[in-house]
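# Summary of the model geometry
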Number of protein chains: 4
Amino acid sequence: MPKIKFETDYQEGAHPKILERLTATNLEQTSGYGVDAHCERAKDLIRKTINKPNAEIFFAVGGTQTNTIAIKFLLNPCEGVVCIDTGHINVHESGAIEATGHKIITLPGHNGLLDAGDLKKYLEAFYSDPTWEHMTPPGMVYVSYSSEYGTLYTKDMLTKIKSVCDEYNLKFFIDGARLGTGLMSEATDVNIKELADLCDVFYIGGTKNGALFGEALVFTKPEKFNLRLFRTLIKQQGGLLAKGRLLGIQFEVLFEDGLYFENARHADKQAMKIKNAFTEAKIPFLFESFTNQQFPILTKEQNEKLSKEFDYEEWEPLDDNRIAVRFCTSWATTDEAVEKLINAIKNL
Amino acid sequence: MPKIKFETDYQEGAHPKILERLTATNLEQTSGYGVDAHCERAKDLIRKTINKPNAEIFFAVGGTQTNTIAIKFLLNPCEGVVCIDTGHINVHESGAIEATGHKIITLPGHNGLLDAGDLKKYLEAFYSDPTWEHMTPPGMVYVSYSSEYGTLYTKDMLTKIKSVCDEYNLKFFIDGARLGTGLMSEATDVNIKELADLCDVFYIGGTKNGALFGEALVFTKPEKFNLRLFRTLIKQQGGLLAKGRLLGIQFEVLFEDGLYFENARHADKQAMKIKNAFTEAKIPFLFESFTNQQFPILTKEQNEKLSKEFDYEEWEPLDDNRIAVRFCTSWATTDEAVEKLINAIKNL
Amino acid sequence: MPKIKFETDYQEGAHPKILERLTATNLEQTSGYGVDAHCERAKDLIRKTINKPNAEIFFAVGGTQTNTIAIKFLLNPCEGVVCIDTGHINVHESGAIEATGHKIITLPGHNGLLDAGDLKKYLEAFYSDPTWEHMTPPGMVYVSYSSEYGTLYTKDMLTKIKSVCDEYNLKFFIDGARLGTGLMSEATDVNIKELADLCDVFYIGGTKNGALFGEALVFTKPEKFNLRLFRTLIKQQGGLLAKGRLLGIQFEVLFEDGLYFENARHADKQAMKIKNAFTEAKIPFLFESFTNQQFPILTKEQNEKLSKEFDYEEWEPLDDNRIAVRFCTSWATTDEAVEKLINAIKNL
Amino acid sequence: MPKIKFETDYQEGAHPKILERLTATNLEQTSGYGVDAHCERAKDLIRKTINKPNAEIFFAVGGTQTNTIAIKFLLNPCEGVVCIDTGHINVHESGAIEATGHKIITLPGHNGLLDAGDLKKYLEAFYSDPTWEHMTPPGMVYVSYSSEYGTLYTKDMLTKIKSVCDEYNLKFFIDGARLGTGLMSEATDVNIKELADLCDVFYIGGTKNGALFGEALVFTKPEKFNLRLFRTLIKQQGGLLAKGRLLGIQFEVLFEDGLYFENARHADKQAMKIKNAFTEAKIPFLFESFTNQQFPILTKEQNEKLSKEFDYEEWEPLDDNRIAVRFCTSWATTDEAVEKLINAIKNL
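Rules behind the numbers
Residues numbered from 1 in each chain as written. Chains lettered and ligands numbered in written order. Predicted model: local features only at pLDDT ≥ 70, side-chain atom pairs only at ≥ 80, totals over all residues. Contact = placed C-beta atoms within 7 Å. Nonpolar A, V, L, I, M, F, W, Y, C, P; charged D, E, K, R; others polar. Domains from an automatic or database assignment. Helix = DSSP H or I, 4+ residues; strand = E, 2+ residues; numbered from the N terminus. Pairing = 2+ DSSP bridges. Axes fitted to C-alpha atoms, helices over the stretch in contact; angles between N-to-C directions. Least-squares fit on C-alpha atoms with pLDDT ≥ 70 in both.

### Re the interface of chain B and chain C
With 17 residues of chain B in contact, the opposing surface of chain C contributes 17 residues. Here the residues of the side of chain B that touches chain C sort into five nonpolar, nine polar and three charged.

### A closer look at the domain arrangement of chain A
Residue and element names in this part refer to chain A. Considered domain by domain, chain A is made up of domain 1 (16–258) and domain 2 (260–346). Each of domain 1 and domain 2 has a C-alpha centre, and the two are 27 Å apart. Each side of the interface is counted separately: domain 1 has 21 residues, and domain 2 has 17 residues. Listed by contribution, the elements that provide at least two residues to the side of domain 1 that touches domain 2 are helix 8 (179–183) and helix 11 (245–256). The element best represented in the side of domain 1 that touches domain 2 is helix 8, accounting for four residues. When the residues that make up the side of domain 1 that touches domain 2 are grouped by side-chain class, the tally is seven nonpolar, 12 polar and two charged.

### Considering the interface of chain D and chain C
Facing the 43 residues of chain D at the interface are 43 residues of chain C. With four residues, the top contributor of residues to the side of chain D that touches chain C is helix 1 (residues 16–24) of chain D. Considering only residue class, the side of chain D that touches chain C consists of 15 nonpolar, 22 polar and six charged.

### With respect to the sheet that holds strand 3 (residues 80–84) of chain B
The strands that make up a sheet are held in pairs by hydrogen bonds between backbone atoms, and each pair lies either parallel or antiparallel. All names here are of chain B. Across the sheet, seven strands lie side by side as 2-8-7-6-5-3-4; this open sheet has mixed pairing. Pairing within the sheet leaves two strands with one partner each, and these edge strands are strand 2 (56–60) and strand 4 (104–107). Pairwise comparison of adjacent strand axes, ignoring direction, gives a mean angle of 25 degrees for this sheet. Where strand 3 and strand 4 come together, four bridges link them in parallel fashion. By the bridge assignment for strand 4, isoleucine 84 is matched with leucine 107.

### Examining the relation of the copies chain D and chain C
Its rotation angle being 180 degrees, the transformation that places chain D on chain C also includes 0.0 Å of axial translation and leaves an RMSD of 0.0 Å. The superposition of one copy onto the other is thereby described by a two-fold rotation axis. The residues that chain D uses at the interface reappear at the interface of chain C in 100% of cases, marking a shared surface.

### Focus on the environment of C:Leu198
Residues and elements named next belong to chain C. Within the secondary structure layout, leucine 198 lies in helix 9 (residues 192–198). With 112 residues separating them in the primary sequence, leucine 198 and threonine 86 have C-alpha atoms 22 Å apart. Beyond its immediate chain neighbours, meaning those up to four positions away, leucine 198 contacts Leu158, Thr159 and Lys162.

So this is what it looks like as structure tokens:
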């Protein structure tokens, strides 16, 4: 019998409504590369959702691609991007940012989050260093919402980061690979409109929230940027999908009736059940997360037992007897799977 | 009433069998990034098809991405790729190759094809130039099969290019964005096994032959290359699809019962009907093509008439009264659409 | 006995006055990287010479480096630089521009010169191509003064190119590796002040005009650019000389009493004598040049004879019996060497 | 009266013997780009010095350039270079490595030195991480000898690093910007022949040891590498000096009679005098250095006093009252300057 998988939030295909719509529209003839009515409608739906009628929106296939394109665009040739050491672009994108010629400037993270105070201190030190011309000047700040550790910035934290960015003329970019589960978390105090206000650019992750693939990159203050060649840049980076409407169609389905948020709410709800089960079993966590990634710390024995029935990620060995692991839920996580897991936790 | 579109071969979704299979497998749980049974089976099917049990195969989402990854991998840091002036990488990929740091060295094309004699002459001149160390050394040759103009290399032409490549230690890469319609053309004298033998690397284009997206990059002589980090390179270039099995599933459907070739045969057949109609109407062609791209030369009047009912690409104005245009067929081109077009041609 | 060398204009060291000054200042202690009084004075001398009190000037070591830095700075990430096919950056810089991620867009040259009409035609075609978003958008124009073939733009030609650049919002950059011999040529109708007006950026080549090394990159309209990070960019490209004052000192010597122009005038004068000798011997030229590069077309026999006593560059075989060669003069070319060559030409 | 400068080891010109030789050879005519008898002789002198008759040697102008070229050459496209956090390439080269597309993978330093144990632990963790394909694979190790903090690896430390490199198939590169002062230090236990054995590539820094400029990059095991295009790579990175013989001539002078080592010995000797003076004054150091960089920790008051007469680098404020500073000596540091400094230290 195959194990039940809690490894990631992209182990199934797409929400059935997306496949249905792709099937229904399959024989339509449209122009390629995202110049079609589906893409236009999807963009309008997103603009409405974030309450930014002038937002400029571009679709790309995956997260690494989207990050790479955005950061390449936002930086001058010799600038770098500021990011915490555990940021996705720094750890898990195979050097994609550096491949475009830019350094990632790392600051220490706090439970997966960048601290505005750290940022400010770094910037002060940078510009007071008499050799700064020989160093990599920061051009932008990158954070993830929700973070790689499932944790969340408060509105106040984002506001403070934004304010440091403004002071030092840095662009502020939010990686939203897991935006949905962040915004739907019971622990958040920020909504998508506020988040859009608080940054220059962010992306709405589709891949990890019910789409086959697809991320929507949103310039919330397009008047700040010259976007004339942005589609050419996407093409140059290999990100302009020939059948571009596939992206439009998926985001139409996700945003026309709130499916994007519903999917995320479901993932969070299932994660909270799992979190509670671990808590009740007195099993501690590596991070306190209120989103769809949970990082319990298992003993060797517990890990051996659980891993017979379930697949999940071994995150980080802590010592000879303890290992932090990651359980991930998604729009597709069934009640049945969660119940089985909860029972197994009870029996540890 | 919307016009009938002959603009490209990627204006519909996917062959219905692909959507059916995606739907049937939708709730399967698999690991991400192409490490799954579907991808493995698809690779095996391709290996069998090309009769290369040891071929190494990697999937990527689109053509520009696949070209970029392959070329970045095949070249040393200061080498360039040789390509005819009208080659896709030189003209229509927004400088994606140069963005990886490599020069494209252009030779004149002949009806969209590279001539082995030209190649040899260039190489002789290059290495007899006393200043060659200051120039870009060629590291590989890029051709497209079928070409950007719908034309085809004969087996003899490919053999001669391969032989020059071997003499000068150049890698030989074939862009197969439109491989299917090339191989199924009534005018070809090469099959997929021979083509695989004649190059080091080629890719099997899915996007333009019935897939939603997807290209299969095939190293036919993997013993020549160190591919240990190839997946990391794909990731770095933003080409490692999270739900990687989507690529596997599509290539399974395309290669388990010959659908890939069937799709291409259909496209070619429809193109030949259109070609005949233009020929009967005494309308000349820019290139003699026996594949799914046809380039008739229309008068201004003919163009105005046809464009009322049909969408097609305006390729190149030839003079004040004549314009070369492109009609493209695909797996999805209906008999009805072709008949309407033929009637319209008759009435020009 | 060693042959007399007319191969290049950088086969000797530096003008003796430069070595003297380097010796005289050798034990001065200055800060590194060009932040010193010599560099400041050299910049002021250049500003005076070109009559641009606000010009921003940066020094770099060599020509390829200077071109690379300037072009990397002037282009947006996906833009390319327009250049004739024989332009130095396209042919003899080992792909340095592409290594920064940018495509060189080539137009046909006319005796080594770009034609404003060609440029305009290309730009019109580019922006009327419906697929332009998939192509490399031009961001700037590169020309050399004097050209790689020793030929010269007239003021009118430069004015026309500038005007096309302005119309299409392209930056205009002049490679002045051989600026001196261009400006001192009997055939020029433009002076350095006019040239500075006619472009956005140009560089004053020291290496080929009497310096040990060194080029001065001049932003003549600095208000158009954000140069805050330019020194960091130079550093990033490996062009910020530690003992930066060496560049300042050399340009001080070259520009404090007109040595720069004197050197070039000498080179041109010697070249004209050689030109006359070939002309009198009824030996034709590949290009009509009035600067320090002369391209006579020799028969095989003439070439064999001359090459016994003299080194010069074999430029391009024209047919089995004729070869174009290049004779180069410089600030260091002696009367004696020229007389010997003239005698040899007479005896061909 | 100008202050006496102890800011860096490149604040004067060149050792007088170098200027004399440049003057003596000034009117020689040689071919460009390092293809000349001076460069050949200089290479032979270095080969003899390191006892490696087959070593391949290339000259470049500066340190950042040399590092960039070497690292770009040694890495596969998606590999990174391992370096301690304070390594020169990571901190003070304006992102030059990243500009070639490669990530710098940082490990913590210990007094400016990489620990073989840290390296091994990192490599074990990397390859046991199931997601390593999504990370940047290490391709080489970079260390500096002497280090950025004036500290030195022992033979044992280098041997251990080399052994980890061999185990994991990493190339080992030593940045020798300050090689001379390292090798001549009273605290070293390694000589240049041993150092050459212990790495794959290193460079002999000229700029900071008496040359006007120039670094000699030495491949000590050239049979491991394909160096056919290395000069082209240098050219591509803007590092191939036109008057290449200037590099050859300088290294001839430095290596024909041991001047290279004499210069370094002098610098170290002067530094030790300064070190002693600080020690006698009970002033502590940030690092214990036995080379030409000394890092005393001054009180605010001491700093104010000393800085009236002397220029030196303010390295790092430690708290409100204490600052670490750097005093640098060189081949040119006079006894008189050192005595003045010592007196000033005594009077603190």
